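Descriptive analysis of the structure
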Amino acid sequence: MATVDECRTALHDLAAKLAANAEARGKLDLDRTLACRITDLETAFHGRITGGLLTDIADGDDPKAKIALITTSDNLIALINGRLDITRAMASRQIAIKANPFDLLKLRKLL
């Protein structure tokens, strides 16, 4: 099981990767709040996805977030490090993403 600090660092690493790839992928027309809920640590983080970037990452849940990623700490780390495929993880219920279908299609471009 990963720690809260490792999860926080992984989310900041994801934000840096998205920023580095933003120019190559073009601007993504998506402006949504994001909650990342870590079930095994009983903790959460929140931020904002805008223009293909992940910004304003902070501790704590956002119950009104338009997009919610729900998973365990180890699966979050594996997903961000590229060891876990998002489509397979969703199909095997290792992760859950709550969002409207159009947002899910746009999110695929990021991951």
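Definitions and cut-offs
Residues numbered from 1 in each chain as written. Predicted model: local features only at pLDDT ≥ 70, side-chain atom pairs only at ≥ 80, totals over all residues. Heavy atoms only, no water. Salt bridge = Lys/Arg side-chain N within 4 Å of Asp/Glu carboxyl O. Helix = DSSP H or I, 4+ residues; strand = E, 2+ residues; numbered from the N terminus. Buried < 20%, exposed > 50% of the residue type's maximum accessible area, 1.4 Å probe, protein only. Core = buried A, V, L, I, M, F, W, Y, C linked by side-chain atoms within 4.5 Å. Contact = heavy atoms within 4.5 Å. Pairing = 2+ DSSP bridges. Axes fitted to C-alpha atoms, helices over the stretch in contact; angles between N-to-C directions. Polar contact = N/O pair within 3.5 Å; in protein donor to acceptor, adjacent residues only side chain to side chain.

As annotated in an unreviewed UniProt entry, the protein carries the name SCP2 sterol-binding domain-containing protein and is attributed to Actinoplanes oblitus.

Turning our attention to the pattern of salt bridges. With the rule as written, the count across this model stands at five salt bridges. One salt bridge in this structure joins R8 and D59, with 2.8 Å as the shortest N-O distance. Placement of the pair is R8 in helix α1 (residues 4–25) and D59 in strand β3 (residues 53–59), with a sequence separation of 51 residues. Under the relative-accessibility criterion, R8 is labelled partly exposed at 23%. The class for D59 is partly exposed, based on a relative accessible area of 45%. Residues participating in the shared-partner salt-bridge network are D5, R8 and D59.

Quick look at helix α2 (residues 73–80) now. Of all eight residues making up α2, seven are buried, and the element is well covered by its neighbours. Looking only at α2, the buried set comprises S73, N75, L76, I77, A78, L79 and I80. Looking one or two residues past α2, G82 carries a phi angle of roughly 85°, positive in sign.

Ranked by size, the top nonpolar core spans 28 residues in total, and within it L11, I49, L54, L76, I95 and I97 carry the most contacts. Breaking this core down by element, the ones donating at least two residues are α1, β1 (31–38), β2 (43–50), β3, β4 (67–71), α2, α3 (86–91) and β5 (95–98). Broken down by element, this core gets its largest block of residues, six residues, from α1. Every residue in contact with L11, bar those within four places of it in the chain, is listed here: C36, F45, L54, I57, L76 and I80.

It is worth spelling out the sheet that holds β5 at this point. Pairing in this open sheet of five strands is mixed, and the strands run β3-β2-β1-β4-β5 from one edge to the other. A strand with exactly one partner marks an edge of an open sheet, and here the two such strands are β3 and β5. Neighbour-to-neighbour, the strand axes of the sheet open up by a mean angle of 20°, direction not taken into account. Bridge count between β1 and β4: five bridges; the pairing is parallel.

Mapped onto the fold, S73 is located in helix α2. A polar atom in the side chain of S73 sits 2.8 Å from the side chain of D40. Contacts of S73, omitting those with residues within four sequence positions, involve M1, A2, C7, I38, D40 and L41.

Our next topic: the pairing of β4. For β4, the buried fraction is high: four of the five residues fall into the buried class. As judged from the four bridges shared by β4 and β5, these two strands associate in the antiparallel manner. The residue bridging I70 from the neighbouring strand is A96, located in β5.

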